[in-house]
Amino acid sequence: MTYLFDPLVPRPIDLPTEVPLDGEPSADRLRALDEAKVFAAPADPADRPAWRERLHAWREDARTRHGYRGAVYEHPGAAWAARCHTVAQVWLWDELLYSFDEHRFTPERFLADARERFGGLDAVVLWHAYPVIGLDDRNQWDHYRDVPGLAGPGGLVEALHRAGLHVFVDYNPWDVGTRRGADDVTELASLVADLDADGVFLDTLKKADPDLVARLDAARPGVVLEGESKLAVERIEDHATSWAQFFADSPVPGVLRAHWYERRHMQHHVRRWHRDHSEELQSAWLNGVGVMVWEVVFGVWVGWSPRDAATVSRMTAVQRAAGDLLLDGEWTPLAELAPEAEAAGVYASRWELDGLTLWTLVNRGEADHTGPVLAPGDGARAPGGTLVDLTGGGRAEAGHVTVPGRGVAALLHVADGAPEPEWLPGLLDLLAAAPHDPDARFRHRLAARLRPAAPETGAAGTPATNGPDPDAAVVPAGPYVLTVRYRARETGMYQGAPYVDEWKPLPPRLHDARTLQRDGALAAPVAVAASEATNAEFAAFLDATGYEPAFPHRFLAHWEDGRPAPGTEDEPVSFVDLDDARAYCAWRGGRLPTEDEWQLAGEAGGLRRGTPAVWNWTESEHSDGRTRFVMLKGGADYAAEGSEWYVEGGRHAPDRSVKLLLPGLGLARGATVGFRCAWDLPDTDLPGTAPSASAPERTGEVVA
């Protein structure tokens, strides 16, 4: 397919903004810089003093024009955000954070992994609804409020707070077509208060409306708002953080506009589909800001390399210890360095406060640079004082240091007469223990391949003896080739990450119709039930077996007093999860059909749809060690309207599949998903009245 854009290069809106250095800084020229994401840096060192002067002039002019007061940064409840250097986006049902076997959240496991690989986290975003929202009428608030063990004493949020992390919730303003409650502002403010959330991630929004800001602050004083992408200059006033997603830097590292405007405004660099994070890490390091650690991107594993993870660990150790320097020190971007360092592609920011000078250094070159880095006229090169190679673990004689290729380093100078900072010995011990050969010290413990998740055992009680339904559709043994149709989503399909090293996938790379081929072979015929299991049939199963799910939340939530509501007995049973369906099918002497068996039977015309139509579970549960998913078939009468981010609704042909990420704690049970059974057949045990796959008996509504 030919695209009108190259997804592997930044879009024009992602590119850094040139800072004009010729002539006087007119009002129009300064105002134009308000639109920058990154101020591009000049390649010629001789131009950099004028460049820095122009940045100072812009900041003074912009603050005056916008009447900047910085009130949000004075709020004690929001002060933590200025030192929030690592935030992780975490799917609530990430298998590091949640145990499907134990039916409980496991923050201790998630936090241990973060400490080992990234040096710990400062905050997490608990991502909850997308990409499963829209499967039924549950809204974004339901996907938080209906989670047992999330809020309150002993809940997940409290556990994360006890561990020293701050917690963001996610707001999806595009959720307009699901169940309606109060207005979004009221719902979000109530949720923030009830969950005791510290901040709100504004999905797809660069900024919140002033009314939302005020209402949230009333619900949780000091609540921190983080918009996606470029934050307008005038809203830095009331947004303490921003999500620096897909910010392209200049060849010589530039300056982040929002952080330059207000040093206390924290930004989190992220390029979600990239495998190499060195450029965004270098930008964060030189600007004194943070990064977003995002390894499970809406159900797809996009893991960070051991080298990048170790770099984050070393960076954040320095940033946490030297936070006062980064926030209050005099910041000189692109400080002058030794000619040898400049020639090697080494750049630095300098931070000075109370006799301490910190250099954060990056190497844009591929080869390590070992040698002098400070300029000959730099005061730290003069006799007196102490120069410490923080990342190298000792004194930096004559200003010599090693800056790894594509890596980072740090120098600290303590002037004569200035007290050694209390944090220095502990920082050096911490950095000495950090891995310096991460590829040898770390090995990712998760399989990169997809593997089936082990289903639980079937129901207790005596199995039913009726076996396949008389009208079951029989899929013959032998090889098959299937075309599967699906809508391209960020979840991908079977193949893992759908985008690699892309900046921002756009249509037709996103949400377009696609196909894939699946081939295989059936060793023996399979009979697939013509109809979904009904409420009445499931009630009979419960009566015969006494089945109780391991975790009953939402189990048969549409029934009344433990029985199907009058008039619904013949409707497809819903509010059952995979294990409930497996237990029923085992009682019937069968199992769930695989997605391929379901499609083969449906394309032969042998399947009917109940009313209302519901999606069908299939035996296709997989896990990559961090995310579980399953393929749904058939479609449903329900469809959430108003946003392309919803799971698609409506009835679909048998060749359509939807990849559904599996939530835990009963949240997989919903109003729009049911199931039908399948049975393995010997060649000589075909149901006498069953239609064959090639000549189906068309009774009732046929899947189409």
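In what follows, the structure referred to is the one given above.
We now turn to the structure provided with this report. Small disclaimer: the values here were computed from a predicted structure and weren't measured.

This part is about the overall build of the protein chain. Across its full length, the protein chain holds 18 helices and 35 strands. Over its C-alpha atoms, taken along the principal directions, the protein chain stretches across nearly 95 × 50 × 50 Å. Burial status across the protein chain gives 59% buried among its 704 residues. Summing over all exposed atoms, the protein chain offers an accessible surface of approximately 26900 Å²; the carbon and sulfur share of this is 52%. A distance of 2 Å separates the average location of the 69 positive side-chain charges in the protein chain from that of its 107 negative side-chain charges.

The sheet built from eight strands closes into a barrel, its strands ordered S2-S5-S6-S7-S8-S9-S11-S12 with parallel pairing. Taken pair by pair, the neighbouring strands of this sheet meet at an average axis angle of 25°, ignoring direction. Pairing analysis gives two bridges linking strand S11 (residues 266–270) to strand S12 (residues 290–293), with the strands arranged parallel. Looking across to S12, one finds that His269 is bridged to Val291. Against the sheet, helix H7 (residues 184–195) engages strand S6 (166–171) and strand S7 (199–202), with an angle of about 160° to S6. Against the sheet, helix H10 (residues 278–287) contacts S11 and S12, and its axis sits at roughly 165° relative to S11.

Taken as a whole and assessed by the stated rule, the structure comprises 54 salt bridges. Several salt bridges converge on common partners, so that one network encompasses Glu95, Asp579, Arg582, Glu619, Glu621 and Arg628.

The rolling of a water-molecule-sized probe over the atoms marks out the regions of remaining empty space. Applying the stated criterion across every chain, the model contains nine cavities of 30 Å³ or more. Roughly 110 Å³ of volume is contained in the largest cavity. Lining the largest cavity are 15 residues, and of these Ala88, Phe110, Val293, Glu295 and Arg626 lie nearest its centre. Listed by contribution, the elements that provide at least two residues to the lining of the largest cavity are strand S2 (86–91) and helix H4 (107–118). The biggest single contributor to the lining of the largest cavity is H4, with five residues. By residue class, the composition of the lining of the largest cavity is nine nonpolar, one polar and five charged. Volume-wise, the second largest cavity comes out at about 70 Å³. Considering the residues around the second largest cavity, the lining is formed by Val132, Leu135, Asp136, Arg138, His143, Leu660, Leu661, Pro663, Leu667 and Ala668.

By secondary structure assignment, the location of Asn287 is in helix H10. You can call Asn287 buried: its relative accessible area is 0%. From its side chain, Asn287 meets the backbone nitrogen of Leu256 in a polar contact 2.9 Å long. Residues in contact with Asn287, not counting those within four places in the same chain, are Gly254, Val255, Leu256, His259, Trp331 and Trp351.

Our focus in this paragraph is the environment of Leu427. Turning to its location among the elements, Leu427 is positioned in helix H14 (residues 424–433). Given a relative accessible area of 3%, Leu427 falls into the buried group. Here the alpha-carbon distance between Leu427 and Ala322, two residues 105 residues apart in the chain, equals 9.3 Å.

Right, let's get into the nonpolar core. By size, the foremost hydrophobic cluster in this structure holds 181 residues, and its most contacted members are Phe538, Trp617 and Phe675. With near-sequence residues (within four places) excluded, Phe675 lies in contact with Glu532, Ala533, Phe538, Val573, Val576, Ala581, Tyr584, Cys585, Leu592, Asn616 and Trp617.

Attention shifts here to the packing of helix H16 (residues 535–545) against helix H17 (residues 578–587). Their axes nearest at 11 Å, the elements H16 and H17 cross at an angle of 75°. In terms of orientation, H16 and H17 fall into the roughly perpendicular class. Along the contact surface, H16 presents Glu537, Phe538, Ala540, Phe541, Ala544 and Thr545, while H17 presents Asp580, Ala583, Tyr584 and Trp587.

What follows concerns the pairing of S12. What you see with S12 is no split at all: Gly290 and Met292 on one side and Val291 and Val293 on the other are buried throughout. In this region the chain leaves S11, passes through H10 and returns to the parallel neighbour S12; the handedness of that crossover is right-handed.

Bringing H14 into the picture now. Among all positions of H14, only Leu424, Leu427 and Leu431 are buried. Buried residues along H14 cover an arc of 60° about the axis, so they all sit on one side. Turned more than 90 degrees off the buried face of H14, the exposed positions are Asp429, Leu430, Ala432 and Ala433.

Taking strand neighbours across the sheet as the criterion, the six strands line up as S15-S16-S17-S22-S19-S20 in an open arrangement whose pairing is antiparallel. Every other strand in the sheet has two partners, leaving strand S15 (330–332) and strand S20 (394–395) as the edge strands with one partner each. One ladder, built from two bridges, connects strand S19 (residues 386–389) with S20; its direction is antiparallel. Bridge pairing links Val388 to Arg395 in S20. Here H10 sits on the sheet and contacts S15, strand S16 (346–353), strand S17 (356–363) and strand S22 (408–414); the angle it forms with S17, its principal contact strand, is near 165°.

Applying the stated criterion across every chain, the model contains 34 aromatic pairs. Measuring from centroid to centroid gives 5.4 Å for Phe201 and Trp243, while their planes differ by 50°, and the two rings are tilted. A residue pair is termed long-range when its members are at least 10 positions apart, and Phe201 in strand S7 and Trp243 in strand S9 (residues 241–245) qualify at 42 residues. The exposure classification of Phe201 matches that of Trp243, with both residues buried. Put simply, the rings of Trp80, Trp127, Tyr130, Phe168, Trp174, Phe201, Trp243, Trp294, Phe298, Trp645 and Tyr646 touch in pairs and so form one group of aromatic residues. The lysine or arginine in question, Arg63, covers the ring of Tyr261, its NZ or CZ lying 5.7 Å from the ring centre. The cationic tip of Lys659 hangs over the ring face of Phe629; the distance from NZ or CZ to the ring centre is 4.3 Å.

Within the secondary structure, Arg48 sits in helix H2 (residues 48–65). At 3.1 Å, the side chain of Arg48 forms a polar contact with the backbone oxygen of Ala43. When near neighbours in sequence (up to four residues on either side) are disregarded, Arg48 contacts Pro42, Ala43, Val252, Leu334, Glu342 and Tyr347.

So, about unusual backbone geometry. Residue Pro508 is bonded to the preceding Pro507 through a cis peptide linkage, with omega at 5°. Mapped onto the fold, Pro508 is located in the loop between strand S25 (478–487) and strand S26 (513–522). Look at Asp561: it is not a glycine, yet its phi comes out positive at around 55°. By the secondary structure assignment, Asp561 is in the loop between H16 and H17. Residue classification places Asp561 among the exposed positions, given a relative accessible area of 81%.

How each quantity is defined
- Residues numbered from 1 in each chain as written.
- Predicted model: local features only at pLDDT ≥ 70, side-chain atom pairs only at ≥ 80, totals over all residues.
- Heavy atoms only, no water.
- Helix = DSSP H or I, 4+ residues; strand = E, 2+ residues; numbered from the N terminus.
- Buried < 20%, exposed > 50% of the residue type's maximum accessible area, 1.4 Å probe, protein only.
- Areas by Shrake-Rupley, 256 points an atom, 1.4 Å probe, with all protein chains shown as cover.
- Lys, Arg positive; Asp, Glu negative; His and termini not counted.
- Charge placed at Lys NZ, Arg CZ, Asp CG, Glu CD.
- Pairing = 2+ DSSP bridges.
- Axes fitted to C-alpha atoms, helices over the stretch in contact; angles between N-to-C directions.
- Contact = heavy atoms within 4.5 Å.
- Salt bridge = Lys/Arg side-chain N within 4 Å of Asp/Glu carboxyl O.
- 1 Å grid on protein atoms, 1.4 Å probe; cavity = no way out; pocket = protein on both sides within 12 Å on 5 of 7 lines; lining within 4 Å.
- Points joined across faces, edges and corners; volume = space filled by probe spheres on them.
- Nonpolar A, V, L, I, M, F, W, Y, C, P; charged D, E, K, R; others polar.
- Polar contact = N/O pair within 3.5 Å; in protein donor to acceptor, adjacent residues only side chain to side chain.
- Core = buried A, V, L, I, M, F, W, Y, C linked by side-chain atoms within 4.5 Å.
- Parallel < 35°, antiparallel > 145°, perpendicular 65-115°, else oblique.
- Right-handed = clockwise from strand over helix to strand, strands pointing away.
- Arc of directions from axis to C-beta.
- Phe/Tyr/Trp six-rings, centres within 6.5 Å; stacked < 30°, edge-to-face > 60°.
- Lys NZ or Arg CZ within 6 Å of the ring centre and 35° of its normal.

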